[in-house]
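Fold and contact review
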Amino acid sequence: MEKKIITSALPYSYSIPHLGNFVGSILPADVYFKYSMMNGDDAIFISGSDQHGTPIELKAIEEKKDPENLSNEIHAEIKDLFERFGCTFTYYGKTHTDYNKEVVYSVFDALYKKGYIIEIEGEQAYCNIDKRFLLDRFIEGKCPHCGGRARGDQCDDCGKLLEPTQIIDPICNLCKRKEIVFKHVKNLAVDLAKLQPKIKAFIEKNSKNNWSKNAVNKSLSYIDEGLKPREITRNIKWGFPVPKKGFEDMVFYVWFDAFLGYIGITKEWDSERWKDYWLDSKARLIQVMGKDNIEFHTLMWPGVLIGSEMGFILPYTIKASEYLTSKTIKFSKSRGVGLNLKSAIEILEPDYWRFVLMYLYPETADSEFSAELLEEIVNTVMNDKVGNFVQRVLKIFASNRASVGEKMQLDDDTRKKAEAIIFSYKTNFEKMNLREALHSAVELASLGNSILSTKEPWLLVRKGDQASLKEFSETISSLIVLVHHLSLLLWPFVPTSSMEALSYFGIFHEPDFKLLEADVSVVKELDPRPIFRKMGKEEIARLEQFSGK
RNA sequence: AGCGAGGUAGGGUAGCCUGGAGUGCCCGCCGGGCUCAUAACCCGGAGAACGGUGGUUCAAAUCCACCCCUCGCUACCA
């Protein structure tokens, strides 16, 4: 039994996450959390809404709302969707809370006292019309290199990186006017250069714990280049005000309070028990995210934790996935036209999405999603291979119950094969190979299907002689146990369907691996219904409305 | 432009660290079997000079160099 904190990158409470966002962080974290529960680990699963930052402030201005109310509304909607998708968080919180504020202030204070906070001066664009400082991407103008359209820190036409001050005739993208001036500003920053040796030591030690290759090499490469101080303050209104003289008009940079939100949200969950996890050096912090998020979690976040010297545990595993992409389906969050969680749930039940997304989980390389792939996996893998196997075994059992002995057990040969598959399932989970773990579970169904074809139990029962009936009984008994085990292994991935299947075995509570050793029995009144069905033409057609072009 | 990851049968993946006959898996395709089950399942087969070029080696998908393509990051998107 291990103590684990499992976190998923915090979704930004700005719009409904799309499938790529979901499979990149929340879903794999939830699957791994469910596995840990089955394993009997002392695990908590923490995530929540990242609420601060410029986009939400601007959206609030646009919609004439208070940013806190706006982000709370979106937070509630996102949280509800995740729960409908079967995610069982220990706590899904928010970053804009007094709990988190307390964490942010105390960590900042500690960093300041240890001398890890420095001031950085620079030029920043300011719009005289909007009366606000502008992010790079809100500045548009002519590229000094090619004369093309330059936006923010890059030219759209020649692709060259720019300093915003180099852009010719800059226009504010908010009001479309040319009233941009560059002001001299001071920001506070964490002195990562000073923390570098400690961060390096942390990476070298912990990156052995199943970090994705991407995360390890990326981080080491940054270290080789030399870390620079990283700003933690911003000139906007929405956020936690900086509690330091001369900086009262600024707020903490959204990223600073977002990753500290992992701690703040745990505190929001339980104002005492959070310490049992975050301050216990034996607890493992397992963090799941997309590849765009790596440096924040491997450099700045541990840097801040180390620098605070407050005894927080550091990330043990960094699980950074690649991207789910699609040439044919639009995922875009903008304009609300893409296939997001809200539209997905209207097309198919959550278990189908969970299964397909984890089957395609982009673990080592970007993975392509399409309507055809979705249909193929649902129809051939989930339905034909897994669902149909469960159904045929339960049916044949139900109609010949009298010929099957009371005690359900695996025959020796099947036991060996099943144990090997279960072993690889567990090993894959331990190595954080979540997609392969699902493939292992599916293998159990393949094993069962192959036994059915070899033994042909329907012939045995028809023959009706002593020897045949004995073999029939042993075969079905074995297969029933296999269905039971398969249902257990599927639970992290398709909890609703798994529970349906487990109900035939009289199991109505969240399962754990001890059930693999327990006696298997089938409920008296057995009327099995297929746990999965195929996708129909209408469902596929509904998906097509999200195809691009 | 720099840095990181990926490029393996028609599609998708594992193998690469620690070199040893292209070895595996899923879908599709072809042939056969089965009829318990949701027209499902099982068995067999065809199909890959492992992105390209060069190098190291008795031996390279695997190690080295350079190049091409895709994705991500480049510190003010979150």
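Residues numbered from 1 in each chain as written. Chains lettered and ligands numbered in written order. Predicted model: local features only at pLDDT ≥ 70, side-chain atom pairs only at ≥ 80, totals over all residues. Heavy atoms only, no water.

Considering the sheet that holds strand S5 (residues 132-133)
- Spatial ordering of the open sheet is given by S5-S4-S10-S11, a layout of four strands whose pairing is antiparallel. Looking at strand neighbours, the two that pair on one side only are S5 and strand S11 (230-231), the edges of this open sheet.
- Looking at chain direction, strand S10 (residues 180-190) and S11 are connected through two bridges and run antiparallel. For Ala189, the partnering residue across the bridge sits in S11 and is Glu231. (Pairing = 2+ DSSP bridges. Helix = DSSP H or I, 4+ residues; strand = E, 2+ residues; numbered from the N terminus.)

Some details on the sheet that holds strand S7 (residues 149-151)
- Here we have four strands laid out as an open sheet, ordered S8-S7-S6-S9, and antiparallel in their pairing. Of all the strands in the sheet, the pair left with one neighbour each is strand S8 (154-155) and strand S9 (168-172).
- Taken together, the three bridges between strand S6 (residues 139-142) and S7 define a ladder with antiparallel strand orientation. When the sheet's bridge partners are listed, Glu140 is paired in S7 with Arg151.

Considerations on the protein's contact with RNA strand B
- What surrounds RNA strand B is a group of 59 residues, the closest being Asn217, Ser221, Phe296, Asn388 and Arg392.
- Here, RNA strand B places atoms within 4 Å of the protein, and 73% of those atoms are sugar or phosphate.
- Contact between RNA strand B and Arg234: a phosphate oxygen at 3.1 Å from a side-chain N or O atom of the residue.
- A distance of 2.7 Å separates a sugar or linking oxygen of RNA strand B from a polar atom in the side chain of Asp366.
- When residues of the surface near RNA strand B are assigned to their parent elements, the largest contribution, 11 residues, is made by helix H12 (residues 371-399).
- Of the residues belonging to the surface near RNA strand B, the class tally is 18 nonpolar, 17 polar and 24 charged. (Near = heavy atom within 4 Å. Polar contact = N/O pair within 3.5 Å; in protein donor to acceptor, adjacent residues only side chain to side chain. Nonpolar A, V, L, I, M, F, W, Y, C, P; charged D, E, K, R; others polar.)

A word on empty space enclosed by the protein
- Taken as a whole and assessed by the stated rule, the structure comprises one cavity of 30 Å³ or more.
- Around the largest cavity, the lining residues are Thr54, Gln124, Phe133, Leu134, Leu135, Arg234, Asn235 and Ile236.
- Residues belonging to the lining of the largest cavity are distributed by class as follows: four nonpolar, three polar and one charged. (1 Å grid on protein atoms, 1.4 Å probe; cavity = no way out; pocket = protein on both sides within 12 Å on 5 of 7 lines; lining within 4 Å. Points joined across faces, edges and corners; volume = space filled by probe spheres on them.)

A short note on the nonpolar core
- Ranked by internal contacts, the top residues of the largest apolar core, which has 112 residues, are Leu339, Trp353, Phe355, Phe369, Tyr425 and Ile480.
- The element that contributes the greatest number of residues to this core is H12, accounting for 13 residues.
- Excluding its chain neighbours within four sequence positions, the residues that come into contact with Ile480 are Val393, Leu394, Phe397, Met408, Phe505, Val520 and Val522.
- In terms of nonpolar packing, the next biggest core, distinct from the first, is built from 53 residues, Ile223, Phe256, Leu260 and Leu305 among them. (Core = buried A, V, L, I, M, F, W, Y, C linked by side-chain atoms within 4.5 Å. Buried < 20%, exposed > 50% of the residue type's maximum accessible area, 1.4 Å probe, protein only. Contact = heavy atoms within 4.5 Å.)

Focus on the side chain of Thr317
- Along the chain, the position of Thr317 falls in strand S15 (residues 315-321).
- In this structure Thr317 touches Asn209, Asn210, Trp211, Leu285, Ile286, Gln287 and Met432, once residues within four positions along its chain are discounted.

Points about helix H7 (residues 254-269)
- Given a rise of 1.5 Å per residue, 16 residues ought to cover 22 Å, and the 21 Å separating the end C-alpha atoms of H7 matches this to within 8%.
- Along H7, the sharpest kink reaches roughly 45°, centred on Gly261. (Expected span 1.5 Å × (residues − 1). Bend = angle between axes of the 7 residues up to and from the residue.)

Observations concerning the environment of Val404
- Here Val404 lies in the loop between H12 and helix H13 (412-430).
- As for Val404 and Val381, which are separated by 23 residues in sequence, their C-alpha atoms are 29 Å apart.

Examining the pairing of strand S1 (residues 3-8)
- Counting buried positions along S1 gives five out of six residues, so the element sits mostly inside the fold.
- With five bridges connecting them, S1 and strand S2 (residues 42-49) associate as parallel partners. When the sheet's bridge partners are listed, Lys3 is paired in S2 with Asp42.
- Taken together, S1, helix H1 (residues 19-38) and S2 constitute a β-α-β crossover, and its handedness is right-handed.
- Bridge count between S1 and strand S14 (residues 284-290): five bridges; the pairing is parallel. Following the sheet pairing, Ser8 is matched in S14 by Val288. (Right-handed = clockwise from strand over helix to strand, strands pointing away.)

A few points about the packing of helix H16 (residues 466-490) against helix H17 (residues 495-503)
- Where H16 meets H17, the closest approach of the two axes is 8 Å, and the angle between their N-to-C directions is 155°. Classified by the angle their axes make, H16 and H17 are roughly antiparallel. Note on packing geometry: the crossing formed by H16 with H17 is left-handed. Side by side, H16 and H17 meet where His484, Ser487, Leu488 and Leu490 of the first sit next to Ser498, Ala501 and Leu502 of the second.
- Of the residues assigned to the contact of H16 with H17, the class counts are four nonpolar, three polar and no charged. (Axes fitted to C-alpha atoms, helices over the stretch in contact; angles between N-to-C directions. Parallel < 35°, antiparallel > 145°, perpendicular 65-115°, else oblique. Left-handed = near helix turned anticlockwise from the far one by under 90°.)

So, the domain arrangement of chain A
- Looking at the assigned domains, one finds that chain A contains domain 1 (3-114 + 196-207 + 255-321) and domain 2 (350-516).
- Spacing between the C-alpha centres of domain 1 and domain 2 amounts to 35 Å.
- Contacts between the two partners involve 24 residues from domain 1, matched on the other side by 24 residues from domain 2.
- Together domain 1 and domain 2 conceal approximately 2300 Å² of surface at their shared face, both sides included; 73% is due to carbon and sulfur atoms.
- Its largest share of buried area at the contact with domain 2, domain 1 owes to Tyr35, Met38 and Lys319, together 32% of the area lost on that side.
- Where domain 1 packs against domain 2, one counts three salt bridges.
- Across the salt bridge formed by Arg354 and Asp30, the nearest N and O atoms sit 2.7 Å from each other.
- Taken together, domain 1 and domain 2 are joined by eight residue pairs in polar contact (both at pLDDT 80 or more).
- Of all the secondary-structure elements, those providing two or more residues to the side of domain 1 that touches domain 2 are H1, S14 and S15. (Domains from an automatic or database assignment. Buried area = accessible area lost by both parts, 1.4 Å probe. Salt bridge = Lys/Arg side-chain N within 4 Å of Asp/Glu carboxyl O.)

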